[in-house]
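# A structural walkthrough
Now for the letters of each chain:
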Amino acid sequence: MLMNRQLVFLYVTLAVSVGYLVSALRLGAPVVDGGLTPAFFPMLVGGTAILFAGVLIVQKLREARDAPPVETPRTFTHLWVVVAVFLYVVAFKPLGYFLSSGLFVFALIVLFSGREKLLVKAVISAVVTGVAYLMFQQLFGVRLPTLWG
Amino acid sequence: MDFILQVFSSFSLLLDPFNLTYVILGFVIGTIFAAIPGLTATLAMALLLPLTYTLNVETALMACASIYMAGMCGGSITATTINIPGAPSSMMTALDGYPMQQQGKGALALGHAALGSMFGGAVGALLLIAVAPFVAELSLLVKTTGKFSLLAFAIIVVVIAQRGRIPQAGLAACIGLMLATVGLDAMEPVTRFTYGYSNLTAGIDLMPVIIGTFAIAEVLTQAYSHTDVSAAAAAADKVRIRRRDFLPPLSDIRKIGFGVYFKSCLIGYFVGTLPGAGGSMGSFLAYTETVRTSKDPESFGKGNPQGIAASESANNAVCGGAMVPMLTFGIPGDPITAIMLGVLVINGIQPGPQLMADQAGLIAPMLAALLFSAVVLIPLTLWLLGPYFIKIVSMRKDVLYAVIALLAVVGSYVATYSTFQMFMALAMGVLAFYLRRNGFPVITMLLGYILGPNLEEFLRRSLALSNGDPTTFFTNPDSLFFVVLTLIFFYFLVIRKPAEIPKAVKTK
C-alpha cells in the first residue's frame, strides 16, 4: 500500500524538504574562504529533514505491508473550519470587524453543533462578537477595522 | 543574594490592584482552561499573548507565571471528580483521585491535590529563586562555541526524549529550523526562502507561530475529532463537592509523609530543567518512585492520597525547574515557557545569560507571582471555586471553540495590524494540526523555530573564530562539557533500556 493518509503527509513533507534543499543550494556555495555562508545551515537542515522523512516513509511502508491500516471514518469539519478562517481573514478588512466576526463565529458554532436553533446561535454570535470587541478595542486599545469610517 | 532580596521586595507589586487583578485573572483563566479536557493552560497563554502588547512587561510576566502555575493544578479537578484529566500533567492524579471520589471522598482528594500543588509550586519557585542567579552567573562562562553546543544539546535532547518517535521529533525539529531560516540572514545582507514576498523579509513572526500551533491547531483538532463530552458533562452534573470536606486532616498529611512531598518536588524540579520533559513526565516519575518505595504498593490506584500528593507536588514543582533554562540560557523547557520567552522577545528583551543581570527588575516580579500563585492562589481558588470549576465541563463546546478561534485570529492581527499575520497563523495552525495528527511532537518544531536563529549564528561565529576548524567544539572546555552531556543523555535516552515500571503502576 503506497498511499494512505499518513504516507501522503510524509510524501508532502519530503517534497517540501527537497524543495527547501534545492532553494538552499541556489543560495550559493556553503563554504567560502573557510567561512560558512548563509547557504550552509539551510543545506544541513534540508538534508537532515530529507533523511528523517526518508526513514519515516520506509518505516510506514513496512508497517503498511505487515498490517494494512484500519480505515477510520472520514470527517471534513476541520477542513470547513480552515475554509471559514480563510474567508474570515479575507473579509476582515473589507467587511469590518463586526460583520466578518459575527458571520465567522456563527459559521463555527454551526460547524461544531449543527443547524438546529439557528436564531439562538445567531444571538450568541452577536454577543460573543460584541464582548470580544469590548475586550480588544475598549480594554486593550486595539484598533479594529470597521465597514464605514 | 541581591536577586533573592529583589524577588521578595517584588511582593509589594502584588499590592498594586492592577497587577493583582491580572495575576488573579490569569490564575482563574489558567485553571478554567486546565480543567476543561482538551484545553490547556498553554492554549490560554497563547490566546492572551497578543494582549501583552498593551500591558507593561512586568504585569504580563506576572500573569504568565500565574497561568503556568494554574495550568499544572487545574487539571486535577476533572481528573479527580470524573476521571478525565483536564491536563496531561494530572494523568497520574486520576489514578488515586478518582477512586477516592468513588468512595465519597472527592472533596478530600481535591484538598490533597491542592496541598500537593501548593507544596510543589512553592518548593519549585523557591528553588528557582535560589538557584537561578547562580546558574545565570555560571552561564556567563559559556562562550560562543559553548553556546552552540548548548543549543544543539537542547534540541537533540528534546528530540531523543520522544522515545518511540525519534524520527518524527527529528523531522518536526527540522521543520522548525526551516521556518527559522526564512527572511533576512542575521550576518549577511541576504534574504532566504522569501520567494519574492516582502512580508517574509523580516522572517516569520513568533506570534502567528504560537497562536497557530496552539490555538488554531487545537480548534482544528477538536473539529476533526468531534469529541463527545456529553458523558463527561453528565458525570460532572452528578458531582457534589462540599467545602467543609476539602481540608485534609493532619493525620493524613503525616501518613503521606513530608519525605514524599519533598522527594516528588525535587523530581519535578529536576525534570522541569530538562528541555521538553514537562509536567506529565515529572508527575509520572514521582508517582512511580513513590509506589516503588512504598511499603504498601498495592494500595496505589485504589485511592491512596500519597499518589495524589506525589503527582501534584511534582507537576507543580516542574514550573520552577522549567524556568531555569529559559531565564538563564533562553532555552524553553516546555510550550508554556516557550510562550513566556515570546513575551520577553515581543517586549524587546533578549533572554540569555545577561538577562538575570541586566533585567532583574523585570524577572523578579514574575518569580514573586509564581510563589504567590503557589502559596496563596492554589489553595484559595480551589477551595473557593473548586465546586464550581467542575461545572465548566458542561459548557457549550461549540461556543467555546468559536470564541477560541475568534480570539486566536483577531489576536494574530494585533501585532502588526496586518492580515498577513492572520494568514500566517492559519498556515501554522494547519501545519501543527497535521503534525499532531500524524504523531509529530509540535514542541520540537517550536523549539527548532525558537532556537534556530541563535543555533545558526553561533555555529557560524564559532567556525569563523576558529578559521573553519570544527575541532573547536571539542577543544573548548565549555563546549566540550555540553558535547559530553549530550552523549550522556543519548546513552540514557536512546541506548540504555528504560527502567522497569513498578507492577503496581503498570497494571493501572
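Source: prediction; values computed, not measured.

## Considering the packing of helix 3 (residues 77-95) of chain A against helix 18 (residues 397-414) of chain B
One can describe the packing of helix 3 of chain A onto helix 18 of chain B by two numbers: an axis separation of 12 Å at closest approach and a directional angle of 45 degrees. Between helix 3 of chain A and helix 18 of chain B, the angle falls in the class oblique. Here helix 3 of chain A runs over helix 18 of chain B; the crossing is right-handed. Of the residues in helix 18 of chain B, those touching helix 3 of chain A at V85, Y88, V89, F92 and K93 of chain A are L406, V409, V410 and Y413 of chain B.

## Observations concerning unusual backbone geometry
For K117 of chain A, which is not a glycine, the phi torsion comes out positive at approximately 45 degrees. Residue position: K117 of chain A is located in the loop between helix 4 (97-113) and helix 5 (118-139). Positive phi, normally seen in glycine, also occurs at F193 of chain B, with a value near 55 degrees. With respect to the secondary-structure elements, F193 of chain B resides in the loop between strand 2 (191-192) and helix 9 (206-225).

## Description of the interface of chain B and chain A
Residue-level contacts link 61 residues of chain B with 59 residues of chain A. Taking both sides of the interface into account, the surface hidden between chain B and chain A amounts to around 5,300 Å²; carbon and sulfur atoms contribute 80%. For chain B, the biggest contributors to the area lost against chain A are M178, L406 and Y417 of chain B; these three give 11% of the whole. On the surface where chain B and chain A come into contact, there are zero salt bridges. Going through the elements one at a time, helix 8 (166-180), strand 2, helix 9, helix 18, helix 19 (419-437) and helix 20 (442-465) of chain B are the ones with two or more residues in the side of chain B that touches chain A. Among the elements that line the side of chain B that touches chain A, the one with the most residues is helix 18 of chain B, at 13 residues.

## A few points about the confidence of the model for chain B
The share of residues in chain B with pLDDT of 70 or more is 93%, and the mean pLDDT across the chain is 85. Per-element mean pLDDT across chain B ranges from 60 in helix 23 (residues 503-506) of chain B up to 95 in helix 8 of chain B.

Reading the values: the criteria
- Residues numbered from 1 in each chain as written.
- Chains lettered and ligands numbered in written order.
- Predicted model: local features only at pLDDT ≥ 70, side-chain atom pairs only at ≥ 80, totals over all residues.
- Heavy atoms only, no water.
- Axes fitted to C-alpha atoms, helices over the stretch in contact; angles between N-to-C directions.
- Helix = DSSP H or I, 4+ residues; strand = E, 2+ residues; numbered from the N terminus.
- Parallel < 35°, antiparallel > 145°, perpendicular 65-115°, else oblique.
- Left-handed = near helix turned anticlockwise from the far one by under 90°.
- Contact = heavy atoms within 4.5 Å.
- Buried area = accessible area lost by both parts, 1.4 Å probe.
- Salt bridge = Lys/Arg side-chain N within 4 Å of Asp/Glu carboxyl O.
- pLDDT = per-residue confidence, 0-100.

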